[in-house]
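Chain by chain, the residues:
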Amino acid sequence: MRLGQLLVEPRILSGGEDEWDSGSVVRGRASGLEAGHPLAIASRRLSATGGIPRRAELATGVDLVDLGSDRESPGLVLRVVDGKGKRAFSQATWITWGLSRPSVNVFLYPALQRHSSSILKMGAIEDIHRMLSSKSFGDNQIETSVTVADVVAPLTYRIYPDAPVGEIEQLMLRRRLTAVPVVGSNHEVLGVITISDLLPHVLPGGGARRTSGRDQVAAADIMTRSVLCVSEDEALLVASRSMITRGVSRLPVVRDGELIGFLERETVLQAFAEAIAEPVRPRVG
């Protein structure tokens, strides 16, 4: 779906700061619209809850305002204030009814953020109308379904089966890791080494200390071989449920059997956050 397809009419709403806080701008402009119009739906929800819309700053003077009552169907409006930050001179509406929260956080938020600085430089409502109608704005792709590939943390470290324990220890300490993947010659996942796997071999009196040297113990000797992996094409929701079921904080992500990165718990939390969040890591490649 293109960003331009999310725009609804009327595209520009005008009102003061106090009006916006109370939601009266939305309610006032929605009064003459059909009941099924996204802005009318947003108005009814605001009236029913009596709440104040939540804001997330895109740039100084440009906010994204959440009109939705649940994470699966948020309604969002861009709010712009003048250079002195005293009043809202326009609200350009793009009600994203039906987009999932991950799609809002991963795709929509960054797309609007890229245009927010340009909006502040515009001196008239007509300028904003022209921007909303421009190809560069409207052609931004907003995916409606978020996959693991959209939020994968790229692989920046790996070890091989013959890596000695001392080397693994230094890698984990240096990068503050709780787990490292063990891969084969084609970068296929062979296993994972966690802190729990490593500790008996580095603590005084541990198993490796009783040998002629801990470097005689290699990754293949201590790794956990049964590893749950997730495909980069897996839906983020499905992969997230796997993490919860297994009680793990990260999952190896594979492409055609090759390890390409990790799906991390913090990234999942951010993508599904109720509040509008900072964009998560972009798609790899």
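Predicted model, so just to flag it, every value in this text is computed and none were measured. (Residues numbered from 1 in each chain as written. Predicted model: local features only at pLDDT ≥ 70, side-chain atom pairs only at ≥ 80, totals over all residues. Heavy atoms only, no water.)

Undergrad: Any chance you could explain the pattern of salt bridges here in plain terms?
TA: Side-chain pairing between opposite charges can occur once the charged atoms of the two side chains come close. In this structure the tally under the stated criterion is three salt bridges. A salt bridge links Asp 139 to Arg 2; its shortest N-O distance comes to 3.3 Å. Placement of the pair is Asp 139 in the loop between helix H6 (135-138) and strand S6 (153-154) and Arg 2 in the segment before strand S1 (12-13), with a sequence separation of 137 residues. Classification of Arg 2 by relative accessible area gives partly exposed; the value is 33%. (Salt bridge = Lys/Arg side-chain N within 4 Å of Asp/Glu carboxyl O. Helix = DSSP H or I, 4+ residues; strand = E, 2+ residues; numbered from the N terminus. Buried < 20%, exposed > 50% of the residue type's maximum accessible area, 1.4 Å probe, protein only.)

Undergrad: What is the right way to read the sheet that holds S6 from this model?
TA: Each strand in a sheet pairs with another by means of backbone hydrogen bonds, the pair being arranged parallel or else antiparallel. On the basis of which strands lie adjacent, the open sheet formed by four strands has the order S6-S11-S10-S9 and mixed pairing. Both edges of this open sheet fall to S6 and strand S9 (230-231), since each of them pairs with a single strand only. Looking at chain direction, strand S10 (residues 250-255) and strand S11 (residues 258-264) are connected through six bridges and run antiparallel. Each bridged residue has a counterpart across the sheet, and for Val 253 the counterpart in S11 is Gly 261. (Pairing = 2+ DSSP bridges.)

Undergrad: Before we go on, may I ask you to explain the confidence of the model for the chain in this structure?
TA: Caution applies to low-pLDDT regions: their predicted coordinates should not be interpreted in detail. Confidence in the prediction for the chain averages 77 pLDDT; 72% of positions are at 70 or higher. Here residues 208-212 is modelled with pLDDT under 50, and outside its nearest four sequence neighbours on either side it reaches eleven contacts, counting other chains as well. (pLDDT = per-residue confidence, 0-100. Contact = heavy atoms within 4.5 Å.)

Undergrad: Looking at this structure, I do not really get helix H10 (residues 236-246). What am I missing?
TA: Residues separated by three or four positions in an α-helix point in the same direction, a consequence of the helix having 3.6 residues per turn. Those residues of H10 that sit buried are Leu 236, Ala 239, Ser 240 and Met 243. Within H10, the buried residues cover an arc of 105 degrees as seen down the axis, which keeps them to one side. Counted as exposed and oriented over 90 degrees from the buried face of H10: Arg 241 and Thr 245. Once H10 finishes, Gly 247 follows within two positions and takes phi at roughly 65 degrees, a positive value. (Arc of directions from axis to C-beta.)

Undergrad: In this structure, what is going on with unusual backbone geometry? I would like to understand it.
TA: Peptide bonds are, in most cases, trans, and in most cases residues other than glycine have a negative phi. Of note in the backbone geometry, His 187 takes a positive phi value of approximately 65 degrees without being a glycine. In this fold, His 187 is placed in the loop between strand S7 (179-183) and strand S8 (189-194).

Undergrad: I tried to follow the packing of aromatic side chains on my own but got confused; where do I start?
TA: Any aromatic ring pair is given by two values, namely how distant the centres are and how the planes are angled relative to each other. Taken as a whole, this structure holds one aromatic pair when the rule is applied. Arranged with centres 6.1 Å apart and planes meeting at 20 degrees, the rings of Tyr 157 and Phe 262 form a pair that is stacked. One end of the pair, Tyr 157, is in the loop between S6 and helix H7 (165-175); the other, Phe 262, is in strand S11, and 105 residues separate them in sequence. The two residues Tyr 157 and Phe 262 agree in class, both being buried. (Phe/Tyr/Trp six-rings, centres within 6.5 Å; stacked < 30°, edge-to-face > 60°.)

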